[in-house]
Amino acid sequence: MSTNPAQALSAAREALRAEFSKCIIGQEETAEMLFLTLLCGGHALLLGVPGVGKTLMSATLARALHLEFHRVQFTPDLMPADITGSEVLEEDPATGRYRRVVMHGPIFANVLLADEINRTPPKTQAALLQAMQEGEVTIGRETHKLKPPFLVLATQNPIEMEGTYPLPEAQLDRFLCCIKVGYPTVDEEVAIATTGPAGALSEVKPVLGPDELLSFQRAVRSVPVAKDVARYAVKLVVSTRTGQAPEGIGEFIECGASPRASQSLVLAGQARALLHGRVHVDFADIRALAPSILRHRLVLNFRARAERVDADQIVSRLLEKVKPD
């Protein structure tokens, strides 16, 4: 890696964008947020209707970064062992005795796509928690370390709620960010319809490797953050909590964001600064990232649902009312 991590990461960002454009048309902001999440060592929740390219973007990211990619379709009958793996008894042909052998599940990868994560019950959803938080998996009597970098990308359809199991707040909080994947523009959709870019996935070439990614992750955490900027990030998070929220916001929130949100917002700001070729975090970084970091961490009350006020509107009002010191 270059002696200047900001220049090296900015160049990697442009190279990654070029590889993405081979099979993804549009969605530049989503692709950048996926890369940013990986640089932070976090995990991302992707919200979008079927057909907008969530799975393809996940596979493209893994291929462009030379990472092992596994996809699991979450269904109501999926069991925890289907994700983590299990112990089986294997007979030794020489002695005739049986021994325990661990069969690794799909979670043993660098990038795990948990497709439609809210389609499976909480028991199976929770199978991801230890891996997401500690980077390890317990199977039977043994705990196995996951090889870094490790990224969980979970998808949800925000429209269809019938037959789903909403993720518990404790698990939502473990996702660094929640990324909304919208529809392409008319021109982008014409290009998608006429060129069929998904078939070009095999043409995507690696621009970085796992070792370089780990170096970038360390560089991100070394980016200096001014106290005023960190205080502003914390003020935004604290202002979502009951009793501390400004007028026009508090009456819609049942439970605000935790200190993990403050950590995530500052860390994401460090990654965004470095991605854009800067070696310091600005207030603009915090403001730009606040919706993605906070939208899935706010528990709204009945009044918010009755008046059709969503988390994005709350964060927008928050950014208007809470200013840097």
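The structure displayed is predicted, hence computed values, not measured ones.

**Examining the packing of helix α9 (residues 210-221) against helix α11 (residues 259-275)**
Two numbers describe a pair of packed helices, the interaxial angle and the distance between the axes. Where α9 meets α11, the axes come as close as 8 Å, and the angle between the chain directions of the two elements is 110°. When the axes of α9 and α11 are compared, the pair comes out roughly perpendicular. Here α9 runs over α11; the crossing is right-handed. Within the contact between the two elements, α9 uses Ala219, Val220 and Arg221 and α11 uses Leu267, Gln270, Ala271 and Leu274. Of the residues belonging to the contact of α9 with α11, the class tally is five nonpolar, one polar and one charged.

**Focus on the UniProt feature "domain: ChlI/MoxR AAA lid" (unreviewed entry) in the protein chain**
Within this structure's numbering, the places UniProt gives as "domain: ChlI/MoxR AAA lid" (unreviewed entry) are residues 252-317. As annotated, residues 252-317 has a helix share of 62% and a strand share of 8%, and its two end C-alpha atoms lie 12 Å apart.

**Quick notes on the environment of Val207**
Structurally, Val207 can be placed in the loop between α8 (186-195) and α9. In the structure, Val207 is positioned 104 residues away from Ala311 in sequence and 36 Å away in space, judged by C-alpha atoms. Not counting residues up to four positions away in its chain, the partners in contact with Val207 are Ala15, Leu16, Glu19, Ala64 and Leu65.

**Focus on α8**
Burial of α8 is sparse: only zero of the ten residues sit out of reach of the surface. Note on α8: the residue one or two positions beyond its end, Gly196, has a positive phi of about 55°.

**Topic: the layout of surface pockets**
Rolled over the atoms, a probe with the dimensions of a water molecule shows which regions are left empty. When its volume is computed, the largest pocket comes out at roughly 1,100 Å³. Lining the largest pocket are 36 residues, and of these Leu172, Arg295, His296, Leu298 and Ala311 sit closest to its centre. Contributing elements (two or more residues each) for the lining of the largest pocket: β1 (44-47), α7 (169-172), β9 (177-180), β11 (299-300), α13 (302-306) and α14 (311-321). Sorting elements by how many residues they give to the lining of the largest pocket places α7 first, with three residues. Of the residues contributing to the lining of the largest pocket, the split by class is 20 nonpolar, eight polar and eight charged. What lines the second largest pocket is a set of 28 residues, among which Cys40, Gly41, Gly42, Met132 and Arg221 lie closest to the centre. Secondary-structure elements contributing two or more residues to the lining of the second largest pocket are α6 (129-134), α9 and α11.

**A look at the sheet that holds strand β5 (residues 111-115)**
Judged by pairing direction, the sheet is parallel, and its five strands sit side by side in the order β2-β5-β8-β1-β9 without closing on themselves. A single partner strand is all that each edge strand has here, and the edge strands are β2 (69-73) and β9. Neighbour to neighbour, the strand axes of the sheet diverge by 20° on average, direction disregarded.

**Thoughts on the pattern of salt bridges**
Any two side chains of opposite charge can pair if their charged atoms end up close together. Here the structure, examined in full by the defined rule, presents 16 salt bridges. The partner of Arg17 in a salt bridge is Glu32, with the nearest N and O atoms 3.7 Å apart. With Arg17 in helix α1 (residues 5-20) and Glu32 in helix α2 (residues 28-39), the pair connects residues that are 15 residues apart, well separated along the chain. Assessed through its relative accessible area of 18%, Glu32 is described here as buried. Between Asp285 and Arg272 there is a salt bridge, with the nearest N and O atoms lying 2.7 Å from each other. Of this pair, Asp285 sits in helix α12 (residues 283-294) while Arg272 sits in helix α11, placing them 13 residues apart in sequence.

**Things to note about the side chain of Thr124**
Tracing the sequence through the fold places Thr124 in helix α5 (residues 122-125). A residue is classified by how much of its surface remains accessible, and Thr124, at 2% relative accessible area, is buried. For Thr124, the side chain forms a polar contact with the main-chain oxygen of Leu78, separated by 2.6 Å. Ignoring anything within four residues of it in the chain, the contact list for Thr124 reads Leu78, Met79, Pro80 and Ile83.

What counts, and where the lines are drawn
Position numbers for residues start from 1 in each chain and track the written sequence from start to end. Per-residue local features are limited, in this predicted model, to residues with pLDDT of at least 70; the limit for side-chain atom pairs, both in listing and counting, is 80 or more; totals at the level of whole chains, interfaces and linings are taken over all residues. The side-chain numbers reported here are obtained from all heavy atoms of the structure, hydrogens and water having been left aside. Interaxial angles span 0 to 180 degrees and are taken between N-to-C directions of axes, which are lines fitted to C-alpha atoms, for helices over the stretch in contact. Helix numbers and strand numbers start at the N terminus; a helix is a DSSP run of H or I with at least 4 residues, a strand a run of E with at least 2. In what follows, roughly perpendicular refers to angles from 65 to 115 degrees, roughly parallel to angles under 35, roughly antiparallel to angles over 145, and oblique to any angle outside these ranges. Crossings are classed by handedness, with left-handed meaning an anticlockwise turn of the near helix from the far one by less than a right angle and right-handed meaning a clockwise turn. Residues count as neighbours in contact if any of their non-hydrogen atoms are within 4.5 Å of one another. Gly is placed with the polar residues, together with every amino acid not listed as nonpolar (Ala, Val, Leu, Ile, Met, Phe, Trp, Tyr, Cys and Pro) or charged (Asp, Glu, Lys and Arg). UniProt positions are given in the numbering used here, feature names are shortened, and annotations may be inferred rather than shown by experiment. Relative accessibility under 20% of the residue-type maximum defines a buried residue, over 50% an exposed one, and the middle range a partly exposed one, all with a 1.4 Å probe and only protein chains included. Buriedness for pockets is judged along seven lines, at least five of which must meet protein on both sides within 12 Å for an open set on the 1 Å grid over protein atoms alone, while cavities are sets there where a 1.4 Å probe fits but cannot get out, and lining residues have an atom within 4 Å of a point. Grid points are joined across faces, edges and corners, and a volume is the space filled by probe spheres set on the points. Strand pairing is assigned whenever DSSP identifies at least 2 bridges connecting the two strands. Think of a salt bridge as a Lys or Arg side-chain nitrogen and an Asp or Glu carboxyl oxygen that are within 4 Å of each other. The term polar contact refers here to a pair of N or O atoms within 3.5 Å; inside protein, the definition further demands a hydrogen-donor-capable atom paired with an acceptor-capable atom, and it admits residues adjacent in sequence only when both atoms are side-chain atoms.

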